[in-house]
Amino acid sequence: DTGVSQDPRHKITKRGQNVTFRCDPISEHNRLYWYRQTLGQGPEFLTYFQNEAQLEKSRLLSDRFSAERPKGSFSTLEIQRTEQGDSAMYLCASSLAGVGFVEYFGPGTRLTVL
Amino acid sequence: GESVGLHLPTLSVQEGDNSIINCAYSNSASDYFIWYKQESGKGPQFIIDIRSNMDKRQGQRVTVLLNKTVKHLSLQIAATQPGDSAVYFCAENRGGSNYKLTFGKGTLLTVNP
């Protein structure tokens, strides 16, 4: 399978703990996006990278959130001092610059903060 | 604020019928629209896209119609099957250097056998 992969698929943590998620995009894709989705809602944009550069961050991305894509391939999303309101599905997507705007999504990481 | 929204949150159809899922958008600068299908516990899956310079595009069993005059988008699914049961989202790209997608809330399609 050469699609977008995410790890872990599920994460349960206690409030105040730090968590880190990983995304591996489709191999030739140079753009990578993170979205958050809560129950019954559409995905909400968090941030995106072109190669290793983080080009845009949503106001949803508080200072407890940080994303990296150090070598322009996989990306990590870290949430520090998790809160119950952080419980959501975190989706990663990738695309190839210059080839339309379709973003291909991974299966997501379901975060539950107790 | 400007957003992409949906007329109906749920749609129930009989297997074999045609389904029509609607979407309204408010940003006249949007130049690209995508329909995604999301099954329970999975990420959104690309179905079909359309640029603003088109008014219709067809895929396999799906057709997207774009009416820029009233800022309306629809997804038509022919001969709906139980495997089509999912939440359907329309998403817009607002063009220029803005690469992110803005999603609506979604329509839950249920196909009854």
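To be clear, the structure that these remarks concern was listed above.
These remarks concern the structure in this document. It should be emphasised that the depicted structure is a prediction, and the values quoted were computed from it without experimental measurement. (Residues numbered from 1 in each chain as written. Chains lettered and ligands numbered in written order. Predicted model: local features only at pLDDT ≥ 70, side-chain atom pairs only at ≥ 80, totals over all residues. Heavy atoms only, no water.)

Side note on the sheet that holds strand β8 (residues 75-79) of chain A
Hydrogen bonding along the main chain pairs the strands of a sheet, whether they run parallel or antiparallel. Residue and element names in this part refer to chain A. Strands sit in the order β1-β3-β8-β7 across an open sheet of four strands; the sheet is antiparallel. Edge positions in the sheet fall to β1 (5-7) and β7 (65-68), since each has one partner strand and no second. This sheet shows a mean twist of 15° between the axes of neighbouring strands, independent of strand direction. (Pairing = 2+ DSSP bridges. Helix = DSSP H or I, 4+ residues; strand = E, 2+ residues; numbered from the N terminus. Axes fitted to C-alpha atoms, helices over the stretch in contact; angles between N-to-C directions.)

Here we look at unusual backbone geometry
Cis peptide bonds are those with omega within 30 degrees of zero, and the linkage from A:Asp7 to A:Pro8 qualifies with -5°. By secondary structure assignment, the location of A:Pro8 is in the loop between β1 and β2 (10-13). Of note in the backbone geometry, B:Arg61 takes a positive phi value of approximately 65° without being a glycine. Relative to the elements of secondary structure, B:Arg61 occurs in the loop between β6 (56-58) and β7 (62-67). Taking the relative accessible area as the measure of exposure, B:Arg61 reaches 31% and is therefore partly exposed. A positive phi angle is found at B:Ala79, which is not glycine, with a value near 50°. Among the structural elements, B:Ala79 can be located in the loop between β8 (72-77) and β9 (86-93). By relative accessible area, which is 36% here, B:Ala79 ends up partly exposed. (Buried < 20%, exposed > 50% of the residue type's maximum accessible area, 1.4 Å probe, protein only.)

With respect to the packing of aromatic side chains
Across all of its chains, the model carries 14 aromatic pairs over all chains by this definition. When the ring of A:Tyr35 is compared with that of B:Phe103, the centres are 5.8 Å apart and the planes differ by 85°; the resulting orientation is edge-to-face. Within this pair, whereas A:Tyr35 is found in strand β4 (residues 31-37), its partner B:Phe103 is found in strand β10 (residues 101-103), the two belonging to separate chains. Residue classification places A:Tyr35 among the buried residues on the basis of a relative accessible area of 0%. Judged by its relative accessible area of 9%, B:Phe103 is buried. (Phe/Tyr/Trp six-rings, centres within 6.5 Å; stacked < 30°, edge-to-face > 60°.)

Focus on the interface of chain B and chain A
Taken together, the contact pairs 21 residues of chain B with 22 residues of chain A. For the chain B face of the interface with chain A, the top three residues by lost area are B:Tyr99, B:Lys100 and B:Phe103, together amounting to 33%. Viewed at the interface, chain A and chain B are joined by one salt bridge. Viewed at the interface, chain A and chain B are joined by five residue pairs in polar contact (both at pLDDT 80 or more). When contributions to the side of chain B that touches chain A are tallied by element, the ones reaching two or more residues are β4 (32-38), β5 (45-51), β9 and β10 of chain B. With four residues, the single largest contributor to the side of chain B that touches chain A is β4(B). A breakdown of the residues in the side of chain B that touches chain A according to their chemical character gives nine nonpolar, seven polar and five charged. (Contact = heavy atoms within 4.5 Å. Buried area = accessible area lost by both parts, 1.4 Å probe. Salt bridge = Lys/Arg side-chain N within 4 Å of Asp/Glu carboxyl O. Polar contact = N/O pair within 3.5 Å; in protein donor to acceptor, adjacent residues only side chain to side chain. Nonpolar A, V, L, I, M, F, W, Y, C, P; charged D, E, K, R; others polar.)

Examining the pairing of β5(B)
All names here are of chain B. Of the strand pairs in this sheet, β4 and β5 are connected by six bridges, and their pairing is antiparallel. What sits directly across from Trp-35, in β5, is Ile-48. Taking the residues between adjacent antiparallel strands as the criterion, β4 and β5 are bridged by six residues, where Gly-41 takes a positive phi near 80°.

Thoughts on the pairing of strand β6 (residues 53-57) of chain A
Sheet analysis places strand β5 (residues 44-50) of chain A next to β6(A), joined by four bridges and oriented antiparallel. Counted as the bridge partner of A:Phe49 is A:Gln54 from β6(A).

Function cannot be read off these values alone, since they describe shape.
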